[in-house]
Amino acid sequence: MAETHSVTSVQKVATASKRPTPVLMIPLRRCGSHALRLRLNNSEEFYSPYPLHIVDFMPLVPRYGNLDDDENYFRLVVDVVGLQAASMVKWKDMVFDPVDVFESIKDDKRSVHRILWELLLRTGEHHHASIVMDKSLDSVHYAEELLQLFPNMLFLNVVRDPRAQVASMNKAIIHDYDSTLNAMAWLEAHQLSREIIQRHPDQVLTIRYEDFLSNQETVLRAICKFFDITFLPEMLDVTRSAEAQQISHMSALWETNRFPPVMANKDKFKQQLSMREIEVIESLTKEFMQLYGYELMTDANLELSQEVLASAKEKSSKGREVAWDTLKHDNYKDYVLRRFRADYLAGLNQRLPMHA
């Protein structure tokens, strides 16, 4: 199993606060993150609700204006609480009062991340957890701001073979529909995670998804040790997770989460990608593939022109339109729930003042 440091317990980075220790999983979706989250949730010491993916909200934040203004900040609180209510998967037994949330954090450093984490910490406290984790992996982009808010934050860095991950991303409506663009996103995400590892090595645990596939117990024990929680044999049985059963029926992206992982799937990309696509991915991610012990299949020396990138963007745009139409036809529940969230964000975009 790949690790970037010697595992350090929570006590060495925790503050005197009695609230749960915050954890962010990084750096990119489709890495097997749900499989890990659902298994760890079998522990009463750990809780990680379905992620809000605040990255989709971030373009709107500047339009709330100066957050030192109480009215502006309260509006932001209301709308982040609304985003949680619009989530595809509800947080069990949790209803948030925006007035109470605002009053409890108004004297802290003001930030959309502070609002989000107040919701997460309250959820963790409701479940009596000592660790609360946000699986919004894209928030790797805001790691330094998060550390300013929560100096004791820990990071679970989940690495997956970029060829397998890109093949998975290519089929996901949350990503692009082109291997080149998704490989570029993979590279950027891992560059950001490397910066966190370099700056805060004792607060990051790196695991490879392939190691989890080959030996779930070893990887889960390492994670539990890092979080200073007790490993439970129940973590190895995903059928014990009611949420795994629930979400597996909600979206094709999650349908395998109710089953044990299949080792053979790690090489499935060889049937899903052309050799040209594999060469593109390896050319972009070669440095990290070598760092994390993934064997190259090509010379990995391709250079991408602007024409290739423009063509990739056009292909992806058309692919997304087809994907939404297909989703509407194949799974109306998944479609309606995703559209509801997208429409919520679009409604905020229309309502918020442009001049801010």
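Remember, it's a predicted structure, so these values are computed and weren't measured experimentally.

> Now, about the sheet that holds strand β5 (residues 204-208): what can you tell me, with residues and values included?
Pairing is parallel across the open sheet formed by five strands, whose spatial order is β2-β3-β1-β4-β5. Strand pairing shows two members of the sheet lacking a second neighbour, β2 (46-47) and β5, which therefore form its edges. Bridge count between strand β1 (residues 21-26) and strand β3 (residues 131-134): four bridges; the pairing is parallel. Bridge pairing in β3 links P22 to V132. This element, helix α4 (residues 112-126), spans β1, β2 and β3 of the sheet and lies at about 140° to β3.

> Before we move on, can you summarise the pattern of salt bridges with the specific residues and values?
Applying the stated rule across the entire model yields 23 salt bridges. The partner of E71 in a salt bridge is R75, with the nearest N and O atoms 3.1 Å apart. Residue E71 and its partner R75 are both found in helix α2 (residues 70-85); the two are separated by four residues, about one turn of the helix. Exposure remark for R75: the relative accessible area of 40% places this residue in the partly exposed category. Put simply, R19, D100, D108, R114, E118, R122 and E125 are held in one network by salt bridges that share partners.

> Could you give me a rundown of the nonpolar core, with the residues and numbers involved?
Where a protein is soluble and globular, its nonpolar side chains tend to be buried together. With 59 residues, the main nonpolar core has F57, L76 and F155 as its most contacted residues. Sorting elements by how many residues they give to this core places α4 first, with seven residues. Excluding residues that lie within four positions of it along the chain, F57 makes contacts with Y64, L76, D79, V80, L83, V112, L345 and L348. Grouped together as the second largest cluster of nonpolar side chains are 27 residues, V23, A35, F46 and L156 included.

> Could you give me a rundown of the packing of helix α1 (residues 33-40) against helix α9 (residues 216-227), with the residues and numbers involved?
Any two packed helices are characterised by the angle at which their axes cross and by the distance between the axes. Put simply, α1 and α9 touch, their axes get as near as 12 Å, and they point 65° apart. Taken as axis vectors, α1 and α9 run roughly perpendicular relative to one another. Considering only the axes of α1 and α9, their crossing is right-handed. Of the residues in α9, those touching α1 at L36, R39 and L40 are Q216, L220, I223, C224 and F227. When the residues that make up the contact of α1 with α9 are grouped by side-chain class, the tally is six nonpolar, one polar and one charged.

> Lay out the packing of helix α6 (residues 162-169) against helix α7 (residues 179-199) with the relevant residues and their values.
Packing of α6 against α7 brings their axes to within 9 Å, and their N-to-C directions diverge by 125°. By the angle between their axes, α6 is oblique relative to α7. Seen from above, α6 lies across α7 with right-handed handedness. On the side of α6, the interface is formed by P162, Q165, V166 and M169, while α7 contributes S179, N182, A183, A185 and W186. Of the residues in the contact of α6 with α7, the class split is six nonpolar, three polar and no charged.

> Before we move on, can you summarise the side chain of D161 with the specific residues and values?
Within the secondary structure, D161 sits in the loop between β4 (154-159) and α6. A polar side-chain atom of D161 sits 2.8 Å from a polar atom in the side chain of R163. Once you skip the residues sitting within four places of it in the chain, D161 turns out to touch E210, F269, M289 and Y294.

> Got a sec to walk through the pairing of β5? Specific residues and values, please.
Every regular strand shows the same layout, with side chains that alternate between the two sheet faces. For β5, a buried count of five out of five residues is recorded, marking the element as mostly surrounded by other parts of the structure. Burial along β5 is two-sided: the face carrying V204, T206 and R208 and the face carrying L205 and I207 are both buried. Bridge count for β4 against β5 is five bridges, and the pairing is parallel. Opposite V159, over in β5, you have R208 as the bridge partner.

> Quick rundown of the packing of aromatic side chains? Include the residues and the values.
Taken as a whole and judged by the stated rule, the model has nine aromatic pairs. Taking the centre distance of 5.8 Å and the plane angle of 40° together, the rings of F226 and F227 count as tilted. For F226, a relative accessible area of 0% gives the class buried. The structure contains a cluster of three or more aromatic residues connected by ring pairs, namely F46, F226 and F227.

> Describe the environment of V61, and please don't skip the residues or the numbers.
Summarising the element assignment, V61 is placed in the loop between β2 and α2. The buried category is assigned to V61, whose relative accessible area is 15%. Considered as a pair, V61 and V112 are 51 residues apart in the sequence and their alpha carbons are 7.4 Å apart.

> Can you tell me about the pairing of β3, naming the residues and giving the values?
Neither face of β3 is exposed, since I131 and M133 on one face and V132 and D134 on the opposite face are all buried. Direction of pairing for β2 relative to β3: parallel, over a ladder of two bridges. Pairing of Y47 across the sheet is with V132, part of β3.

> So what's going on with α9? Which residues, and what values?
Between the first and last C-alpha of α9 there are 16 Å, a value that for twelve residues agrees with the 16 Å anticipated at 1.5 Å per step. By the burial criterion, the buried members of α9 are Q216, V219, L220, A222, I223, C224, F226 and F227. Count one or two residues on from α9 and you reach D228, which has phi positive near 60°.

What counts, and where the lines are drawn
Residues numbered from 1 in each chain as written. Predicted model: local features only at pLDDT ≥ 70, side-chain atom pairs only at ≥ 80, totals over all residues. Heavy atoms only, no water. Pairing = 2+ DSSP bridges. Helix = DSSP H or I, 4+ residues; strand = E, 2+ residues; numbered from the N terminus. Contact = heavy atoms within 4.5 Å. Axes fitted to C-alpha atoms, helices over the stretch in contact; angles between N-to-C directions. Salt bridge = Lys/Arg side-chain N within 4 Å of Asp/Glu carboxyl O. Buried < 20%, exposed > 50% of the residue type's maximum accessible area, 1.4 Å probe, protein only. Core = buried A, V, L, I, M, F, W, Y, C linked by side-chain atoms within 4.5 Å. Parallel < 35°, antiparallel > 145°, perpendicular 65-115°, else oblique. Left-handed = near helix turned anticlockwise from the far one by under 90°. Nonpolar A, V, L, I, M, F, W, Y, C, P; charged D, E, K, R; others polar. Polar contact = N/O pair within 3.5 Å; in protein donor to acceptor, adjacent residues only side chain to side chain. Phe/Tyr/Trp six-rings, centres within 6.5 Å; stacked < 30°, edge-to-face > 60°. Expected span 1.5 Å × (residues − 1).

In short, geometric facts, not functional conclusions.
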